[in-house]
Amino acid sequence: MQPGGRTSCLTPRRVPELNASTQRANDDLAVVDRVLAGDAAAFEGIVRRWQGPLINMAWRYCRDRGRAEELAQEAFLRAWRGLAQWRRESSFSTWLFALAANVYRTELKRFPVETVPLEAAPEPAGPASQHNQLAARLSSDSVRRAVLALPLRYREPVVLFYFHEMDLGRAARAMGLPEGTLKARLCRARSLLRRRFPRLEYEHAAMEMAGKEA
Amino acid sequence: MNRKNTDRDQLDRVQIDATLDATIDRILAAEEVLVPSSGFLASVMESVREEATVPPPIPFPWKMAVPGILLAAGVLGWGAFELVRYCLPAVREISLTPPHISAALILPLEQAGWVAGALAVSLLSWLLSRRLAGRSGLL
């Protein structure tokens, strides 16, 4: 029983996870303090910790490995320049992801990725394909590429929602939008994707099943 | 009977949409994870070090500039006041349709108005098309 008579809803597995995330947040705070005190080399700790997430986030925006690293590097540089502007109202990761999303959005507006129009995105291969696992993978790739063909106002919510493991709140904070707005845009994006791939469910399931059997 | 069929169709549509959404969720959530290239960290830190060695920008000398700005504002204000003081009575005396402007000059002015209107319409349509193209992701 917790103080105030409320029972804990934390499962035993969640407690160490939360402790670890609190520890990580404290580490970030300590590193930021060192950087702000003039220790530029301490910024390496931040880059080392967040390089993976920021590159993967950029990858989802552009699906180009080289470009993803360039975008992530630019995001780190902006973070370095604007570190003093982090007000510590939100966690460091929330601030960093919001900043990165802003950088990616701006950069990709300046130099857009080459995409095919949504209507021209290739249909997934049929379940009768000889190489079903490969076909399943190709169909997944088609859907992912189709996301890039969505208009930006729908593309970005999709990218951030799935990047944040379908956590609507975190995605909304990264975009600086109310959750309701993000939800509405996600709904519209899904509707566009459904319209593009009306038989996706059957084909994907059949291909995956055939792949497993093989 | 018809309504029953419509209801069933709608229910089917909802179920199909839900299963499609679940498949889309499954595909988009299962993304491959990229590992940063070996030189990434070094490259970022090199850029950071370069930025750190650049001297901070020289702040604007407000203390020295403020008296000058105030003086300039005062002179401009005084000039404007004097201009209005001397010109207002003269402007009142000028009639709206000056007789010395001939019809030959008025006609081209009217045409210039039409040209300006056409240019404004072209600009508006260009802006509108850019906006629409931007929304559809073409830009």
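Residues numbered from 1 in each chain as written. Chains lettered and ligands numbered in written order. Predicted model: local features only at pLDDT ≥ 70, side-chain atom pairs only at ≥ 80, totals over all residues.

Scanning chain A for helices and strands turns up nine helices and zero strands. Along its sequence from the N terminus, chain A presents helices and strands in the succession α-α-α-α-α-α-α-α-α. For chain A, restricting intrachain contacts to residue pairs at least 6 apart in sequence, the fraction spanning at least 24 positions comes to 62%. (Helix = DSSP H or I, 4+ residues; strand = E, 2+ residues; numbered from the N terminus. Contact = placed C-beta atoms within 7 Å.)

Another point: helix α2 (residues 43-62) of chain A. The sharpest bend along α2 of chain A comes to roughly 55°, located at Trp 50 of chain A, with the proline Pro 53 of chain A sitting one to four residues further on. Of the residues trailing α2 of chain A, Arg 63 of chain A is marked for its positive phi of about 55°. (Bend = angle between axes of the 7 residues up to and from the residue.)

Attention now goes to unusual backbone geometry. Residue and element names in this part refer to chain A. In the Ramachandran plot, Glu 165 falls in the positive-phi region, its phi being about 50° despite a non-glycine side chain. Locating Glu 165 in the fold gives a position in the loop between α6 (152-163) and α7 (168-175). Using a count of 9 C-beta atoms within 10 Å as the deciding quantity, one classes Glu 165 as exposed. For Met 166, which is not glycine, the phi dihedral falls at a positive 60°. Among the secondary structure elements, Met 166 is positioned in the loop between α6 and α7. The class of Met 166 is partly exposed, set by 13 C-beta atoms lying within 10 Å. (Buried ≥ 20, exposed ≤ 12 C-beta atoms within 10 Å, placed from the backbone.)

Attention now moves to the interface of chain A and chain B. Listed as interface residues are 35 residues of chain A and, on the opposing side, 27 residues of chain B. Sorting the residues of the side of chain A that touches chain B by element identifies α2, α3 (65-81), α5 (132-148), α6, α8 (179-196) and α9 (200-213) of chain A as the ones contributing at least two each. The biggest single contributor to the side of chain A that touches chain B is α2 of chain A, with 10 residues. Taken together, the residues of the side of chain A that touches chain B break down into 20 nonpolar, six polar and nine charged. (Nonpolar A, V, L, I, M, F, W, Y, C, P; charged D, E, K, R; others polar.)

Here we take up the confidence of the model for chain A. All names here are of chain A. Averaged over all residues, the pLDDT of chain A equals 79, while 72% of them reach at least 70. Looking at the elements of chain A, mean pLDDT is at its lowest for α9, recorded as 56, and at its highest for α3, recorded as 94. Every residue in residues 1-10 is under pLDDT 50, and counting partners more than four places away or in other chains gives four contacts. (pLDDT = per-residue confidence, 0-100.)

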